[in-house]
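Residue-level listing of the chains:
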Amino acid sequence: SLKTARGSPWTTDRISRVWSCERAVAAEAEALSGLALRSKAHWGYDDAFIEACRAELRVLPENVEHHRLTVAVHRETGRIVGFSGLVGTSSEDAELSALFVEPEAIGTGVGRLLFDHAVGVADQLGVDQRASALRRGCLGSSTAPVTPTG
């Protein structure tokens, strides 16, 4: 079980010493699908909603590269504790396509690590962060969807 950061002094340096970001591989698709479902369920959605999201949250092996999926890996155990995805190549279409963290790792900095990594990849692509949906999509909505949206 992972210790959460609530009440702990998690710094960027400490986070990067505990976890690393690595490119996901197609063989991890099934495990990432399960992680996405567990992460979504953590936020209190009922079983019917989670079941309705199952197909949308499924990670297909052929989409791992297209979505530039990145996994957060616990350095000591090698366990995947989260993943993110980034689609698009410009300020007009760059978008965070996924950001999921294992429930026991929520609050430990894994989500921030994955988000920052996605922003870094977007920067490498020349995406203007102020104009892109990457930032707007993550900083805007605070309401829960009423229909499955993955």
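For every chain, the first residue of the written sequence is number 1, and numbering continues from 1 along that sequence. Per-residue local features of the predicted model are confined to residues with pLDDT of at least 70, and side-chain atom pairs are confined, for both listing and counting, to 80 or more; whole-chain, interface and lining totals are unaffected and use all residues. Only hydrogens and water are set aside; all other atoms, that is, all heavy atoms of the structure, feed into the side-chain values.

Enquirer: Please provide a residue-by-residue account of the environment of Leu-35, values included.
Expert: A run of H or I in DSSP counts as a helix once it spans at least four residues, and a run of E counts as a strand once it spans at least two, with each numbered from the N terminus. Locating Leu-35 in the fold gives a position in helix 2 (residues 29–42). Look at Leu-35 and you get buried, because its relative accessible area is 2%. Taking the C-alpha atoms as reference, Leu-35 lies 7.1 Å from Phe-100; in sequence the two are 65 residues apart. Any two residues whose heavy atoms approach within 4.5 Å are treated as being in contact. With residues up to four places along the chain from it excluded, the contact list for Leu-35 reads Ile-80, Val-81, Gly-82, Phe-83, Phe-100, Val-101 and Glu-102. Relative accessibility thresholds used throughout: buried, under 20% of the residue-type maximum; exposed, over 50%; partly exposed, between the two (1.4 Å probe, protein chains only).

Enquirer: Summarise the packing of aromatic side chains; cite the residues concerned and give the values.
Expert: We describe a pair of aromatic rings using the distance from one ring centre to the other and the angle between the two ring planes. For Phe, Tyr and Trp, rings pair up if their centres lie within 6.5 Å, where Trp contributes its six-membered ring, and each pair is then called stacked (planes under 30 degrees apart), edge-to-face (over 60) or tilted (otherwise). All chains considered together, the criterion is met by two aromatic pairs. Pairing Tyr-45 with Phe-49 gives two aromatic rings, centres 4.5 Å apart and planes at 20 degrees, and the pair type is stacked. Taking the relative accessible area as the measure of exposure, Tyr-45 reaches 21% and is therefore partly exposed. Between Phe-83 and Phe-100 the ring centres are 5.5 Å apart and the planes differ by 35 degrees, which places this aromatic pair in the tilted class. Taken together, the positions of Phe-83 in strand 3 (residues 80–87) and Phe-100 in strand 4 (residues 95–101) put the pair 17 residues apart, joining distant regions of the chain. With respect to class, Phe-83 is no different from Phe-100; both count as buried.

Enquirer: Can you lay out empty space enclosed by the protein for me, pointing to particular residues and giving the numbers?
Expert: A cavity here means a set of 1 Å grid points, computed over protein atoms only, where a 1.4 Å probe fits but cannot escape. A pocket is an open set with protein on both sides within 12 Å along at least 5 of 7 lines, and lining residues have an atom within 4 Å of a point. Grid points are joined across faces, edges and corners, and a volume is the space filled by probe spheres set on the points. Applying the stated criterion across every chain yields a total of one cavity of 30 Å³ or more. Considering only enclosed or pocket space, the largest cavity measures out at about 40 Å³ in volume. Together, Arg-68, Thr-70, Ser-84, Gly-85, Leu-86, His-117, Ala-118 and Val-121 line the largest cavity. Every element with two or more residues in the lining of the largest cavity is listed here: strand 3 and helix 5 (110–124). Gly counts as polar in this scheme, as do all residues outside two lists: the nonpolar Ala, Val, Leu, Ile, Met, Phe, Trp, Tyr, Cys and Pro, and the charged Asp, Glu, Lys and Arg. Of the residues belonging to the lining of the largest cavity, the class tally is three nonpolar, four polar and one charged.

Enquirer: Account for the sheet that holds strand 3, naming residues and giving values.
Expert: Strand order in the open sheet made by the four strands is 1-2-3-4, with antiparallel pairing throughout. Because the sheet does not close on itself, it has two edges, and the strands there are strand 1 (19–23) and strand 4. This sheet shows a mean twist of 20 degrees between the axes of neighbouring strands, independent of strand direction. As paired elements, strand 2 (residues 70–74) and strand 3 share four bridges and run antiparallel to each other. Bridged to Val-73 within strand 3 is Ile-80. Where helices are involved, their axes are fitted lines through C-alpha atoms of the stretch in contact, as for all axes, and angles between N-to-C directions lie from 0 to 180°. The sheet contacts of helix 2 involve strand 2, strand 3 and strand 4, and relative to strand 3 the element is tilted by about 95 degrees. For two strands to pair, DSSP has to find at least two bridges joining them.

Enquirer: Describe helix 2, naming the residues involved and giving the relevant values.
Expert: Side chains three or four residues apart in an α-helix point the same way, a direct result of the helix having 3.6 residues per turn. In this analysis, the expected span of each helix is defined as 1.5 Å times one less than the number of residues it contains. Its 14 residues give helix 2 an end-to-end C-alpha distance of 20 Å, which sits within 8% of 20 Å, the value for a rise of 1.5 Å per residue. Taken together, the buried positions of helix 2 are Ala-29, Leu-32, Ser-33, Leu-35, Ala-36, Leu-37, Ser-39 and Lys-40. Where helix 2 is buried, its residues meet helix 3 (47–57), strand 2, strand 3 and strand 4. Count one or two residues on from helix 2 and you reach Gly-44, which has phi positive near 90 degrees.

Enquirer: Which residues make up the pairing of strand 2, and what values go with them?
Expert: Here strand 2 lies mainly inside the structure; five of its five residues are buried. The two faces of strand 2 match: Thr-70, Ala-72 and His-74 on one face and Val-71 and Val-73 on the other face are all buried. Relative to strand 2, strand 1 runs antiparallel, the two sharing five bridges. Note that in strand 2 the partner of Cys-21 across the bridge is Ala-72. Hairpin connection between strand 2 and strand 3: a loop of five residues separates the two successive antiparallel strands, and Gly-78 in this loop has a positive phi of roughly 75 degrees.

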